[in-house]
Number of protein chains: 2
Amino acid sequence: MTEMNLSRCPIGVFDSGLGGLTAFRELRRLLPNEDIIYFGDTGRVPYGTKSRETILNYAKQDVDFLLGQKVKMVIAACGTVSANVPEDFADSLPVPFTGVVQHTCAAAVKTTKTGHIGIIATPATIRSKAYETYIHRISPETRVTALHCSLFVPLVENGFIQSDNPVTRLVAEQYLAPFFGTDVDTLILGCTHYPLISEAVLSVLGREVPLVDSGGSCVGSVLDALAERDALAQPGRIRTEAYFCSARRADFTRVAQRFLGRSIDALTKEIDVEGY
Amino acid sequence: MTEMNLSRCPIGVFDSGLGGLTAFRELRRLLPNEDIIYFGDTGRVPYGTKSRETILNYAKQDVDFLLGQKVKMVIAACGTVSANVPEDFADSLPVPFTGVVQHTCAAAVKTTKTGHIGIIATPATIRSKAYETYIHRISPETRVTALHCSLFVPLVENGFIQSDNPVTRLVAEQYLAPFFGTDVDTLILGCTHYPLISEAVLSVLGREVPLVDSGGSCVGSVLDALAERDALAQPGRIRTEAYFCSARRADFTRVAQRFLGRSIDALTKEIDVEGY
């Protein structure tokens, strides 16, 4: 594939469901010329309660689907996948690959003043200790308090994302209670679904705690990886977007529209990812 | 296999997760001499948002696991599986098989006086129209109002099952609102998870609406199928129980204990069902 071709190829983004749209939105904002393909594995969500082996199998199929779409880069916009793939996962792929853990941790370490970072994520992410490990690699003295919030992904996937949704607020109050009265001054949203309910999280925590969003923080490294390969799209062309999900297409487009602020119905196809 | 052997074989019960314990508890109560093996597919729950094809694949693996345990009968204590397997599914199996749809519908038709039955279930069950179809087969004039309650299974699986749980009550209020002001006088819990939160459902609906529980209503036919084959366990023997799940063993045993009123920790193993 020539570099000219590469610049015209789309970026591939995947997640267990709707969460990766938080990275998608940030990519769209900062890389306005790029074609982007999004895959949400709505048929197998949630990933965060699965075994590590299952998560890796799913991730491989998700990546293979995107490679079949001739993407020039793959972004695992999923905290659970990012936290559970081996560190050399990228080496096995023909295009650059990034997850969301490292950039998120780096951003959080820069943000904290008390040196005490909170992490909320899925059970599989918390179990992996990937965020803690990376934080301690770059800043050994930083303290970390990590909590899993199992019901947040089902809440997002089922559309409980309005900022004043009373169910989501009540669940957030229960999960976040261990942070009250601590000196945690920076909170990592270690699952890309969580920014969809960040307003509920913020209002429960008190507005003074900065949230570090896993989806958004990976965009810088995407830009670097593409620039290094001279693979960035040229300005002035007509960009495209395509969305794929593996089940419940109508639910997917409905919640996505609420989050993205526009309809993606005509751009969305349902696929069978287990064939990849 | 001789009949003598059959009577000593266990009954196999499976569900996508914890829901089938509602059938298990009823089986234990009414068939106190039987050995029972329970499998909850906690690694792949929820089934109710999956495609029909995926549900059938999962169901076949679940059944194969139980057959490997030498069960004398298989009970799909899962509304989603029961509603989505083909009518001739039982014919392909070497032991009797029952789901939960038919007995539940028969019980609801007997219960209603207004002739208007409500059904709540997972999206895949509602989409299948299996409950409606069977109700109309035995009582063509009965009216049916069917609603899916997608978040109920995640709530149960994540332990939001206390009778006064404010999250579960709030969610129930939202889902059940379409029943207010109707003449629905009987409600089918079309998912075996739902009896675990029946108190929240009842208190939102008003206590006067009888709930027909999918798990409990299949026990009569289990008794018939076993008696017909002279395969009922003999009284006076020491019965056994075994529990299997496919992920999150600690969560499974914790919520199961709360529901069953006793610890099953020492009796529970985690297995890889995708190998079946």
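Scroll up to find the structure.
The model shown is predicted, which means the values in this text are computed figures rather than measured ones.

Asker: Kindly report on the overall build of chain A, identifying the contributing residues and their values.
Answerer: Across its full length, chain A carries 12 helices and 10 strands. The C-alpha radius of gyration of chain A comes to 18 Å, within 12% of the 19 Å expected for a compact globule of 276 residues. Along the first, second and third principal axes, the C-alpha set of chain A runs to 55 × 40 × 40 Å. Burial status across chain A gives 61% buried among its 276 residues.

Asker: Tell me about the sheet that holds strand β7 (residues 186-189) of chain A, and name the residues and values.
Answerer: Strand pairing in a sheet takes place through backbone hydrogen bonds and is either antiparallel or parallel in direction. Residue and element names in this part refer to chain A. The four strands lie next to each other as β6-β5-β7-β8, forming an open sheet whose pairing is parallel. With one partner strand each, in any of the chains shown, β6 (143-148) and β8 (211-213) form the two edges of the open sheet. When the angles between neighbouring strand axes are averaged without regard to direction, this sheet yields 25°. Relative to β8, β7 runs parallel, the two being bridged by three bridges. Counterpart to leucine 187 in the pairing with β8 is leucine 211.

Asker: Go over the interface of chain B and chain A, please, and point to the residues and values.
Answerer: If you look at the interface, chain B gives 23 residues, while chain A gives 23 residues. Regarding the contact of chain B and chain A, the summed buried area is about 1,900 Å², with carbon and sulfur atoms giving 60% of it. Scanning the region where chain B abuts chain A turns up zero salt bridges. Inspection of the chain B/chain A interface yields zero residue pairs in polar contact (both at pLDDT 80 or more).

Asker: Give me the lowdown on the sheet that holds strand β4 (residues 97-98) of chain A, citing residues and values where you can.
Answerer: Judged by pairing direction, the sheet is parallel, and its six strands sit side by side in the order β4-β3-β1-β2-β9-β10 (chain A) without closing on themselves. At either margin of the open sheet sits one strand with a lone partner, and together these are β4 and β10 (268-270) of chain A.

Asker: Describe the pairing of strand β5 (residues 116-121) of chain A, with residues and values.
Answerer: Residues and elements named next belong to chain A. Burial within β5 is extensive, with six of its six residues counted as buried. Burial along β5 is two-sided: the face carrying His116, Gly118 and Ile120 and the face carrying Ile117, Ile119 and Ala121 are both buried. Here β5 runs beside β6; their pairing, made up of six bridges, is parallel. What sits directly across from isoleucine 119, in β6, is alanine 146. The sheet contact formed by β5 and β7 spans four bridges and is parallel. Bridge pairing in β7 links isoleucine 120 to leucine 189.

Asker: Requested: an account of the pairing of strand β2 (residues 36-40) of chain A, with residues and values cited.
Answerer: Residue and element names in this part refer to chain A. Burial analysis of β2 places five of its five residues in the buried class, the great majority of the element. Every second residue of β2 is oriented toward a common face, with Ile36, Tyr38 and Gly40 on one face and Ile37 and Phe39 on the other, all of them buried. Two elements, strand β1 (residues 11-15) and β2, share five bridges in a ladder whose sense is parallel. If you follow valine 13 over to β2, its bridge partner there is tyrosine 38. In terms of strand pairing, β2 meets strand β9 (residues 241-245) through five bridges, oriented parallel. Its bridge partner being in β9, glycine 40 is matched across the sheet by cysteine 245.

Asker: Give me the lowdown on helix α12 (residues 249-260) of chain B, citing residues and values where you can.
Answerer: Residues and elements named next belong to chain B. In a regular helix each residue adds 1.5 Å, so 12 residues correspond to 16 Å; α12 covers 16 Å between its end C-alpha atoms and thus fits that length. Considered for burial, the residues of α12 that qualify are Phe252, Thr253, Val255, Ala256, Phe259 and Leu260. Contacts made by the buried residues of α12 are with α2 (21-30), β2 (36-40), α8 (152-157), β9 (241-245) and β10 (268-270). Immediately downstream of α12, the backbone of glycine 261 shows phi near 80°, a positive value.

Asker: Can you break down the packing of helix α9 (residues 166-176) of chain A against helix α10 (residues 198-205) of chain A residue by residue, with the values?
Answerer: All names here are of chain A. Closest axis-to-axis distance for the α9/α10 pair is 9 Å, and the angle between their directions is 55°. Here α10 runs oblique to α9, going by the angle between their axes. Pair α9 / α10 crosses with right-handed handedness. Judged by residue contacts, Thr168, Arg169, Ala172, Glu173 and Leu176 of α9 engage Ala200, Val201, Ser203, Val204 and Leu205 from α10. Looking at the contact of α9 with α10, its residues break down into six nonpolar, two polar and two charged.

About the criteria used
Residues numbered from 1 in each chain as written. Chains lettered and ligands numbered in written order. Predicted model: local features only at pLDDT ≥ 70, side-chain atom pairs only at ≥ 80, totals over all residues. Heavy atoms only, no water. Helix = DSSP H or I, 4+ residues; strand = E, 2+ residues; numbered from the N terminus. Rg over C-alpha atoms; globule rule 2.2 N^0.38 Å. Buried < 20%, exposed > 50% of the residue type's maximum accessible area, 1.4 Å probe, protein only. Pairing = 2+ DSSP bridges. Axes fitted to C-alpha atoms, helices over the stretch in contact; angles between N-to-C directions. Contact = heavy atoms within 4.5 Å. Buried area = accessible area lost by both parts, 1.4 Å probe. Salt bridge = Lys/Arg side-chain N within 4 Å of Asp/Glu carboxyl O. Polar contact = N/O pair within 3.5 Å; in protein donor to acceptor, adjacent residues only side chain to side chain. Expected span 1.5 Å × (residues − 1). Parallel < 35°, antiparallel > 145°, perpendicular 65-115°, else oblique. Left-handed = near helix turned anticlockwise from the far one by under 90°. Nonpolar A, V, L, I, M, F, W, Y, C, P; charged D, E, K, R; others polar.

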